[in-house]
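Structural overview
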Amino acid sequence: MAPAIVTLTTDFGLSSGYVGAMKGVVLGIDADVTLVDISHDIPPQDIPHAAFVLGASYRYFPPEVVHVAVVDPQVGTERRPLLVDTPGGRFIAPDNGLLTYVLLDLAGRTRPDGDGEGFLAPTSVPVPEGCSAYALTQPEYWRHPVSDTFHGRDIFAPVAAHLCRGVRPEEMGEAVGEVTTLDVRTVERRPGVVEGRIVFVDHFGNLVSNIRTGDDNAADMEVDIRGRRIEGLKRTFAEGRGLLALVGSHGYLEVAERNGSAADRLEAGVGTRVRLVRRSEAGAGS
Amino acid sequence: MAPAIVTLTTDFGLSSGYVGAMKGVVLGIDADVTLVDISHDIPPQDIPHAAFVLGASYRYFPPEVVHVAVVDPQVGTERRPLLVDTPGGRFIAPDNGLLTYVLLDLAGRTRPDGDGEGFLAPTSVPVPEGCSAYALTQPEYWRHPVSDTFHGRDIFAPVAAHLCRGVRPEEMGEAVGEVTTLDVRTVERRPGVVEGRIVFVDHFGNLVSNIRTGDDNAADMEVDIRGRRIEGLKRTFAEGRGLLALVGSHGYLEVAERNGSAADRLEAGVGTRVRLVRRSEAGAGS
Amino acid sequence: MAPAIVTLTTDFGLSSGYVGAMKGVVLGIDADVTLVDISHDIPPQDIPHAAFVLGASYRYFPPEVVHVAVVDPQVGTERRPLLVDTPGGRFIAPDNGLLTYVLLDLAGRTRPDGDGEGFLAPTSVPVPEGCSAYALTQPEYWRHPVSDTFHGRDIFAPVAAHLCRGVRPEEMGEAVGEVTTLDVRTVERRPGVVEGRIVFVDHFGNLVSNIRTGDDNAADMEVDIRGRRIEGLKRTFAEGRGLLALVGSHGYLEVAERNGSAADRLEAGVGTRVRLVRRSEAGAGS
């Protein structure tokens, strides 16, 4: 049998001992676990960033993998520690929006675009069908004493290890019907025009939007961002020079700069508006 | 049987090949070892920093784990390569203070606070009871030729792997009675006042002191640092705004800034003095 | 049997989800694989840097290990995805020079120094004897749909996993006779003088040259770089103060600064010329 796998996604960096502590706790409970680092370089307290990274990674792992995500500025307060069991993986995280993209995926992307909330506003959404969510409430599966400032070590890591050892989710918490997500889908559509937002800036400074698009008739497309007009969609980063737009590996419209950082060049970031225009359809002057 | 585990803590960064070389050497001798990265982002040559990270991590791992720590500015000189076998783990490191917190822990914290040495001064301390230490002297367990500038690859990594394969510590070195630690415990106590030092700055800019305290009657406490007075101890990072003091996850007094860096705000770092005052006991004007 | 090992060397950083995606894909195909991070902190698009890191790491791993290297600014264009099977490891990478040092090693360093090409210029070289190279052409071993911008996830990772599961290289691609390397060997020799280049700057700011040298009669040696003259070769970083020259752990001449960065001090980097002079042999004025 393949070993149980636990992935870690945190904003702890690697210059402190927090990641080491979490790894030690997992291996102290189940020394057979294979630990996989997804990221410890999430910018401090940046929940939307971590949510995107987790959403862009989890789907490639086998479904029995346990994903632990800890970006937790509200640690020790009322925010609930969660375990969400899904057909695409098992997730342990504070209930603060870290599972936004995971839950959108698993809900089959059926929610309408633009639901009236503000960009990145937290909302409670129902647990998608086929999934179940638990608020972690059973201290016998935690490490003691529980620090009020480090649930990663004292709650999330031990629960992950116990899950690997076969403890069932319902033994470790109480079922809940709603989970917090952030509104990352505010997209407006007019004839020939889709206006969305940058939702992620990657390591290269590429700007990833929330506009899902095919690249049919790419030459007819135009992208407007920060007052700049980028003509046509490219297929690779190596085409053209300077700024370019393409459908990125996430399946969403991206703006990149060849061998450079589009984020720096455009002074753009998460929340920046971006428009995708189909020139043959859009009205004059749009 | 669970696989043998080797953790790595270095100042090598991940942009060079040094970590890869060490991992390769371990796996070349014992391909079954599970490698666990604790940190490779120790600031260059910063032994006190690495010592703290190792001390904050090792205790959560199973006791049979082998911890390799390499921050080694004196590599190739007289400083001894060490193997320290303890009930809390097996440690391989240069004898330069990297095991300071590990040894304080294992000695049961029985040394008096403030022993007259200067802050961070190296001292030789006896190997704690129940532990044994060896200077690595047996080249048949090393990689050859041994570089004078990279004992991590040529001595520490192969010794760790041989330890995992069952070679006994006493076969690889000669017993020694003393090990180097740094003085990180200089704390002065007066009635109602404890004055200590910042000993670690974490990834978030939180300032961790060497003042161990409970948080009983937290409202009566006051923290003085860099001319700033912080009233009361909080329980979580989410309480109040701006600077706050609390008992951190390490069990020591910490100074933090909500969603920010206390280190930047206070221009404080390792060595900065910090005072914990119990107002109802401290004399006027203190 | 020891588990199959796959190492990863990329310029993806750890703040994005690209590394997580690659790890997930490998484990999704073969959950028994042991993943080993060599580096994800290669500077963006810096092929010579990644080539050096891979060259400095691979040789310490067992020869059956699969090394995946992805620094791939030309992803999606004509550049071929490669699998190179050698007695020193199995390598999966775009054909853009990432295997430069691996191939020089395996060719037994028999190529003459200075072949007339410019420093870092790409050249096609024959696959060394005892090795075989394949252009990856068989999409049944890839992940679909294949993104034009992320072959790491969709081609390199799945091919690595299939290789671990026992698929033979020749089933996954077509044999090729030449592979791209970068010219990193331009070294000029005159009596008593060798002039080479800095080919790598490590995490500490140490400058690694392409001049291979023993340290016999080190006191007679002198190193010239950026108008500075450094007398004698040292044995360790702890000798002398300020700038020093030594034979580094890679076996090449290095210039370092004690407890500092020689790269910063000298404003030197990859491509900087460096001369090693044997004073007793060199002509006056050289």
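The text that follows walks through the structure, step by step, so that each part is easy to find.

So, how was this worked out
Residues numbered from 1 in each chain as written. Chains lettered and ligands numbered in written order. Predicted model: local features only at pLDDT ≥ 70, side-chain atom pairs only at ≥ 80, totals over all residues. Heavy atoms only, no water. Helix = DSSP H or I, 4+ residues; strand = E, 2+ residues; numbered from the N terminus. Rg over C-alpha atoms; globule rule 2.2 N^0.38 Å. Contact = heavy atoms within 4.5 Å. Areas by Shrake-Rupley, 256 points an atom, 1.4 Å probe, with all protein chains shown as cover. Lys, Arg positive; Asp, Glu negative; His and termini not counted. Charge placed at Lys NZ, Arg CZ, Asp CG, Glu CD. Pairing = 2+ DSSP bridges. Axes fitted to C-alpha atoms, helices over the stretch in contact; angles between N-to-C directions. Buried area = accessible area lost by both parts, 1.4 Å probe. Salt bridge = Lys/Arg side-chain N within 4 Å of Asp/Glu carboxyl O. Polar contact = N/O pair within 3.5 Å; in protein donor to acceptor, adjacent residues only side chain to side chain. Nonpolar A, V, L, I, M, F, W, Y, C, P; charged D, E, K, R; others polar. Core = buried A, V, L, I, M, F, W, Y, C linked by side-chain atoms within 4.5 Å. Buried < 20%, exposed > 50% of the residue type's maximum accessible area, 1.4 Å probe, protein only. Expected span 1.5 Å × (residues − 1). Bend = angle between axes of the 7 residues up to and from the residue. Least-squares fit on C-alpha atoms with pLDDT ≥ 70 in both. Phe/Tyr/Trp six-rings, centres within 6.5 Å; stacked < 30°, edge-to-face > 60°. Lys NZ or Arg CZ within 6 Å of the ring centre and 35° of its normal.

Quick notes on the overall build of chain A
A count of helical and extended segments in chain A gives six helices and 17 strands. Taking 286 residues into account, the globule formula puts the C-alpha radius of gyration at 19 Å, and chain A, at 20 Å, falls close to it. Here the C-alpha coordinates of chain A stretch approximately 65 × 40 × 35 Å along the principal axes. Within chain A, contacts between residues separated by at least 24 positions form 69% of all contacts whose residues are at least 6 apart in sequence. In the structure as shown, chain A presents an accessible area of about 10500 Å², 47% of it carried by carbon and sulfur atoms. Taking the average location of the 28 positive side-chain charges in chain A and that of its 39 negative ones, the two points are 7 Å from each other.

Observations regarding the sheet that holds strand S8 (residues 173-176) of chain A
Residues and elements named next belong to chain A. The seven strands lie next to each other as S2-S1-S3-S5-S4-S7-S8, forming an open sheet whose pairing is mixed. A strand with exactly one partner marks an edge of an open sheet, and here the two such strands are strand S2 (34-39) and S8. The mean inter-strand angle of the sheet, taken between neighbouring strand axes irrespective of direction, is 25°. As defined by bridge partners, strand S7 (residues 132-136) adjoins S8 across four bridges and the pair is classed as antiparallel. Along S8, the bridge assignment pairs Leu136 with Gly173. Relative to S2, helix H2 (residues 47-57) is tilted by about 125°, and along the sheet it contacts strand S1 (5-10), S2, strand S3 (66-70) and strand S5 (89-94).

Examining the interface of chain C and chain A
The partner chain A presents 31 residues to the 30 residues of chain C that form the contact. Buried surface at the junction of chain C and chain A, both sides included, amounts to about 2600 Å², of which 57% is carbon and sulfur. Across the chain C-chain A interface, the total number found is one salt bridge. Of the charged contacts in the structure, one is a salt bridge between Asp148 of chain C and Arg235 of chain A, with a shortest N-O distance of 2.9 Å. Where chain C touches chain A, the interface holds 12 residue pairs in polar contact (both at pLDDT 80 or more). Per element, the largest residue contribution to the side of chain C that touches chain A is eight residues, and it comes from helix H1 (residues 18-29) of chain C. Of the residues assigned to the side of chain C that touches chain A, the class counts are 11 nonpolar, 13 polar and six charged.

Observations regarding the interface of chain B and chain A
Accessible area lost upon the coming together of the parts is a frequently used measure of interface size. Each side of the interface is counted separately: chain B has 31 residues, and chain A has 31 residues. Taken over both partners, the interface formed by chain B and chain A buries close to 2700 Å², and the fraction arising from carbon and sulfur atoms is 57%. By the criterion of area lost to chain A, the three top residues of chain B are Tyr60, His203 and Phe204 of chain B, representing 26% of everything that side buries. Scanning the region where chain B abuts chain A turns up one salt bridge. On the surface where chain B and chain A come into contact, there are 12 residue pairs in polar contact (both at pLDDT 80 or more). Residues that form the side of chain B that touches chain A fall into these classes: 16 nonpolar, 10 polar and five charged.

With respect to the sheet that holds strand S4 (residues 81-86) of chain B
All names here are of chain B. If you trace the seven strands from one edge of the open sheet to the other, you get S2-S1-S3-S5-S4-S7-S8, paired in mixed fashion. Because the sheet does not close on itself, it has two edges, and the strands there are strand S2 (34-39) and strand S8 (173-176). The average undirected angle you get between the axes of adjacent strands in this sheet is 25°. With respect to the sheet, helix H2 (residues 47-57) is in contact with strand S1 (5-10), S2, strand S3 (66-70) and strand S5 (89-94), its orientation differing from that of S2 by roughly 125°.

A few points about the nonpolar core
A general feature of soluble globular proteins is that nonpolar side chains tend to end up buried together. All names here are of chain B. If you look at the biggest cluster of nonpolar residues, it comprises 41 residues, and the most contacted ones within it are Phe52, Val84, Phe91, Leu98, Leu99 and Val199. Listed by contribution, the elements that provide at least two residues to this core are S2, H2, S4, S5, helix H3 (100-106), strand S7 (132-136), strand S9 (178-182) and strand S11 (193-201). The element contributing the most residues to this core is H2, with seven residues. Look past the residues within four positions of Phe52 in its chain and what remains in contact with it is Tyr101, Val199, Phe200, Val208 and His250.

Let's talk about the side chain of His151 of chain A
All names here are of chain A. Of note, His151 is situated in helix H4 (residues 151-164). Look at His151 and you get buried, because its relative accessible area is 9%. Discounting chain neighbours no more than four positions away, the residues touching His151 are Asp72, Val75, Gly76, Arg79, Val146 and Phe156.

Comments concerning helix H4 (residues 151-164) of chain C
Residue and element names in this part refer to chain C. Between the first and last C-alpha of H4 there are 18 Å, a value that for 14 residues agrees with the 20 Å anticipated at 1.5 Å per step. The sharpest bend along H4 reaches about 25° and sits at Ala157, with the proline Pro158 one to four residues further on. Buried residues dominate H4, accounting for 14 of its 14 residues.

Regarding the environment of Val53 of chain C
Structurally, Val53 of chain C is set in helix H2 (residues 47-57). A C-alpha to C-alpha distance of 9.0 Å links Val53 of chain C and Tyr101 of chain C, two positions 48 residues apart in sequence. The residues touching Val53 of chain C, leaving out its near neighbours within four places in the chain, are Ser15, Ser16 and Gly17 of chain B together with Thr9, Ile38, Ser39, Ile42 and Phe200 of chain C.

Quick word on the pattern of salt bridges
All names here are of chain C. All chains considered together, the criterion is met by 51 salt bridges over all chains. Taking the shortest distance from any N to any O, the salt bridge between Arg265 and Glu257 comes out at 2.8 Å. Take Glu257: its relative accessible area is 16%, and that puts it in the buried class.

Here we look at the relation of the copies chain C and chain A
Mapping chain C onto chain A calls for a rotation angle of 120° and an axial translation of 0.0 Å; the resulting RMSD is 0.0 Å. Here the copies are linked by what is in effect a three-fold axis. Looking at the rotation axis and the C-alpha trace of chain C, the residue lying nearest is Thr34 of chain C, at 4.7 Å.

Observations concerning the packing of aromatic side chains
Across all of its chains, the model carries 21 aromatic pairs over all chains by this definition. Relative to Tyr18 of chain A, the ring of Phe12 of chain A lies with its centre 5.7 Å away and its plane at 55°, an arrangement referred to as tilted. The class of Phe12 of chain A is buried, set by a relative accessible area of 8%. Exposure remark for Tyr18 of chain A: the relative accessible area of 7% places this residue in the buried category. Between the aromatic rings of Phe12 of chain B and Phe150 of chain B, the centroid separation amounts to 5.5 Å while the plane-to-plane angle is 90°, which identifies the pairing as edge-to-face. On the criterion of sequence distance, the pair formed by Phe12 of chain B in the loop between S1 and helix H1 (18-29) and Phe150 of chain B in the loop between S7 and helix H4 (151-164) is long-range, its members being 138 residues apart. The residues Phe12 of chain B and Phe150 of chain B share a single accessibility class, namely buried. Joined through ring pairs, the aromatic side chains of Phe12, Tyr18 and Phe150 of chain A together with Phe204 of chain B make up one cluster. Just above the ring of Tyr252 of chain A sits the side chain of Arg212 of chain A; from NZ or CZ to the centre is 4.5 Å.

Structural notes on the pairing of strand S17 (residues 273-278) of chain A
Regular strands show a simple pattern: their side chains alternate between the two faces of the sheet. All names here are of chain A. When you tally the buried positions in S17, you get five out of six residues, the bulk of the element. As defined by bridge partners, strand S11 (residues 193-201) adjoins S17 across five bridges and the pair is classed as antiparallel. Its bridge partner lying in S17, Glu195 is registered against Arg275.

Concerning the relation of the copies chain B and chain A
Superposition of chain B onto chain A requires a rotation of 120° combined with a translation of 0.0 Å along the rotation axis, giving an RMSD of 0.0 Å. Each copy contacts the other with its own distinct surface, as only 3% of the interface residues of chain B are interface residues in chain A too.

A word on the side chain of Thr236 of chain C
Residues and elements named next belong to chain C. Summarising the element assignment, Thr236 is placed in the loop between strand S14 (228-231) and strand S15 (243-247). Residue Thr236 is classed as buried on the basis of its relative accessible area, which comes to 1%. There is a polar contact of 3.2 Å between the side chain of Thr236 and the backbone nitrogen of Ala238.

That's the geometry; what it means functionally is another story.
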